[in-house]
2 protein chains.
Amino acid sequence: MSRPKSYDRQEAVERACQAFWAHGYTALGVRALEQMTGLNKFAIRTEFSGKEGLYLEALRLYAERAAQFAVEPLKAGGLDQVEEFFQGLVGGSSPMSSRFGCLMVNTGIENAELKSPALEEVSTVYWSMLYRAFEAALQTGREDGALKRDLDLAEAAQGLVTAVMGIHTMNRVSGRDDGGAALVGLIRDLLASWRT
Amino acid sequence: MSRPKSYDRQEAVERACQAFWAHGYTALGVRALEQMTGLNKFAIRTEFSGKEGLYLEALRLYAERAAQFAVEPLKAGGLDQVEEFFQGLVGGSSPMSSRFGCLMVNTGIENAELKSPALEEVSTVYWSMLYRAFEAALQTGREDGALKRDLDLAEAAQGLVTAVMGIHTMNRVSGRDDGGAALVGLIRDLLASWRT
DNA sequence: ACACATTCAATACAGTCGTATAGATATAAA
DNA sequence: TTTATATCTATACGACTGTATTGAATGTGT
């Protein structure tokens, strides 16, 4: 009963995610977004209520993908899965590694002062999701008796999250999807030292 | 023979450094910079040849300070100094810790796509300076016989640099100058495991 | 074939960006 | 006191920002 949309919503969000990932939020203008997503200004407004709405949608997609591909295996597994997770942060064979770093890290740094409550929440939820996943994996390791008993689980999980940020940051700063490989190596050694 | 300047150059750069540190480059407009630095538009142009020139000056000051307060002790010391360095990245008593993270990390993430050769170089020089400092400290540790012989020094130094980025990033994302404390703890454990 | 509903393309808008310019101002030397 | 020089304040500029509006285009249902 009306003119069909000239774009595929899902694909548009996907492309927007990639675009924001590479260029950041502020630096990417609406007119550039049109080209990279196949959307038009009107659609950005009506479908996502503006640029920031599209950004939030892209962030949610990113978080969803990360939860699916990286975090779920973590919660189900133990120490080995933690090691695999870190391996996935570098190198070309993984969907979690990128020369542009991590969209959530980039967002957190760029918008630390933006004070958009919606952004703040997406970020917080994302990192606490990762924290709990590490916590669960370590807890599993402990219950399996694979982990030393004197390890502070909360500090370990939080420290791992921070290491993840470092790897992503180094990936972006170096412009290479394996820029953070050295820290992945150190984390592997650390995990080994935690094993019984 | 002319009207005296209404600002102190050194202090202006110092304030600009703080301002860019907190707000980033793009998000901080020239008109806001005037207020926060005590400079005026004319001075920004004549004294620093524009906003980007002032930014570079601020980055150089930041790098200089970091070299002086944090990196020099590293190059002169050994494993203990590496540990002290990481301790200095979190908590209120250190000039290297901040809830705004690290100016160089923020710059590297925000401007990964800016392609300003000058910025690129300042960043590269900074991180390789830190890398060499870690390398030197570890080398000293090795020569003192305090370090296990099978440790890959290059990977260790590069991994430590990446961990530093992670701590700064977590500081900024969490908005706390001790946000990265957990990873500092893990790094301390890791350093301990390297000792003979 | 026609009316209806929705999207599209193009343009307009007010606001901000960094920079450039011009007249007023302040100091030191003549 | 006058002159020269440099800095200050204020305004102007074109380019850009994200958003809003308007008439044309493109479908479906009658």
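Thresholds, definitions, all that
Residues numbered from 1 in each chain as written. Chains lettered and ligands numbered in written order. Predicted model: local features only at pLDDT ≥ 70, side-chain atom pairs only at ≥ 80, totals over all residues. Heavy atoms only, no water. Helix = DSSP H or I, 4+ residues; strand = E, 2+ residues; numbered from the N terminus. Buried < 20%, exposed > 50% of the residue type's maximum accessible area, 1.4 Å probe, protein only. Contact = heavy atoms within 4.5 Å. Areas by Shrake-Rupley, 256 points an atom, 1.4 Å probe, with all protein chains shown as cover. Lys, Arg positive; Asp, Glu negative; His and termini not counted. Charge placed at Lys NZ, Arg CZ, Asp CG, Glu CD. Least-squares fit on C-alpha atoms with pLDDT ≥ 70 in both. Buried area = accessible area lost by both parts, 1.4 Å probe. Salt bridge = Lys/Arg side-chain N within 4 Å of Asp/Glu carboxyl O. Polar contact = N/O pair within 3.5 Å; in protein donor to acceptor, adjacent residues only side chain to side chain. Axes fitted to C-alpha atoms, helices over the stretch in contact; angles between N-to-C directions. Parallel < 35°, antiparallel > 145°, perpendicular 65-115°, else oblique. Nonpolar A, V, L, I, M, F, W, Y, C, P; charged D, E, K, R; others polar. Expected span 1.5 Å × (residues − 1). Bend = angle between axes of the 7 residues up to and from the residue. Phe/Tyr/Trp six-rings, centres within 6.5 Å; stacked < 30°, edge-to-face > 60°. Lys NZ or Arg CZ within 6 Å of the ring centre and 35° of its normal.

J.: What am I meant to see in the overall build of chain A here?
T.: If you tally the helices and strands in chain A, you get nine helices and zero strands. What you see in chain A, going N to C, is helices and strands ordered as α-α-α-α-α-α-α-α-α. The principal-axis extent of the C-alpha atoms belonging to chain A is close to 65 × 35 × 35 Å. Residues classed as buried in chain A amount to 54% of the 196 residues present. Nonlocal contacts in chain A, meaning residues at least 24 apart in sequence, comprise 71% of its contacts between residues at least 6 apart. Accessible surface, chain A: about 9,100 Å² in total, of which carbon and sulfur atoms supply 49%. Positive and negative side-chain charges of chain A, numbering 21 and 25 respectively, have mean locations separated by a distance of 7 Å.

J.: How should I be thinking about the relation of the copies chain A and chain B in this particular structure?
T.: What connects the two chain copies is a rotation about an axis and a shift along it. Laying chain A over chain B is done by rotating through 180° and shifting 0.0 Å along the axis; what remains is an RMSD of 0.0 Å. Put plainly, the chains are arranged around a two-fold axis. Relative to the rotation axis, the closest C-alpha in chain A is found at Gly166(A), a distance of 1.6 Å.

J.: Any chance you could explain the interface of chain A and chain B here in plain terms?
T.: It is common to report an interface's size as the accessible area lost on association of the parts. Taken together, the contact pairs 36 residues of chain A with 36 residues of chain B. Buried area between chain A and chain B, summed over both chains or domains, comes out near 3,000 Å², and the portion from carbon and sulfur atoms is 74%. For chain A, the biggest contributors to the area lost against chain B are Ile109(A), Glu113(A) and Leu186(A); these three give 21% of the whole. Joining chain A to chain B, the criterion identifies zero salt bridges. At the boundary of chain A with chain B, the tally comes to three residue pairs in polar contact (both at pLDDT 80 or more). Those elements giving two or more residues to the side of chain A that touches chain B turn out to be α1 (9-23), α6 (103-110), α7 (117-143), α8 (153-174) and α9 (181-194) of chain A.

J.: So what exactly am I meant to see when it comes to the packing of helix α5 (residues 79-87) of chain A against α7(A) here?
T.: Residues and elements named next belong to chain A. Between α5 and α7, the least distance of the axes is 8 Å, while the angle of their chain directions is 140°. The angle between α5 and α7 falls in the class oblique. Packed against α5, whose contacting residues are Leu79, Val82, Phe85 and Phe86, the element α7 presents Leu130, Phe134, Ala137 and Leu138 at the interface. Tallied by class, the residues present in the contact of α5 with α7 amount to eight nonpolar, no polar and no charged.

J.: In this structure, what is going on with helix α4 (residues 51-76) of chain A? I would like to understand it.
T.: Within an α-helix, residues lying three or four positions from one another point in the same direction, as the helix has 3.6 residues per turn. With 26 residues, α4(A) extends 36 Å from end C-alpha to end C-alpha; this agrees with the ideal 38 Å at 1.5 Å per step. Ala67(A) marks the point of greatest bend in α4(A), at about 45°.

J.: Could you clarify how one ought to interpret the packing of aromatic side chains in this entry?
T.: All names here are of chain A. As enumerated under the stated definition, the model contains 18 aromatic pairs over all chains in all. For the pair Tyr62 and Tyr126, a centre-to-centre distance of 6.2 Å together with 40° between the ring planes defines the contact as tilted. Taken together, the positions of Tyr62 in helix α4 and Tyr126 in helix α7 put the pair 64 residues apart, joining distant regions of the chain. Accessibility classification places Tyr62 together with Tyr126 in one group, the buried group. On the numbers, 5.0 Å between centres and 90° between planes, the contact of Tyr126 with Trp127 is edge-to-face. Clustering of aromatic rings is evident, with ring pairs tying together Trp21, Tyr62, Tyr126 and Trp127. The ring centre of Tyr25 lies 4.3 Å from the NZ or CZ of Lys51, which sits over that ring.

J.: Which parts of the structure should I look at to understand the pattern of salt bridges?
T.: Oppositely charged side chains can pair when the atoms bearing their charge come close. Residue and element names in this part refer to chain A. The full count for this structure, using the stated rule, is 20 salt bridges over all chains. A salt bridge links Arg15 to Glu11; the shortest N-O distance between them is 2.5 Å. Separated by four residues within a single helix, Arg15 and Glu11 lie in helix α1, roughly one turn from each other. Assessed through its relative accessible area of 38%, Arg15 is described here as partly exposed.

J.: It is not clear to me how unusual backbone geometry should be interpreted in this structure. Could you clarify?
T.: Note: most residues except glycine have negative phi, and most peptide bonds are trans. Residues and elements named next belong to chain A. Positioned with a positive phi, Ser49 is a non-glycine residue whose angle comes to about 50°. Tracing the chain through its elements places Ser49 in the loop between α3 (41-48) and α4. With a relative accessible area of 63%, Ser49 lands in the exposed category.

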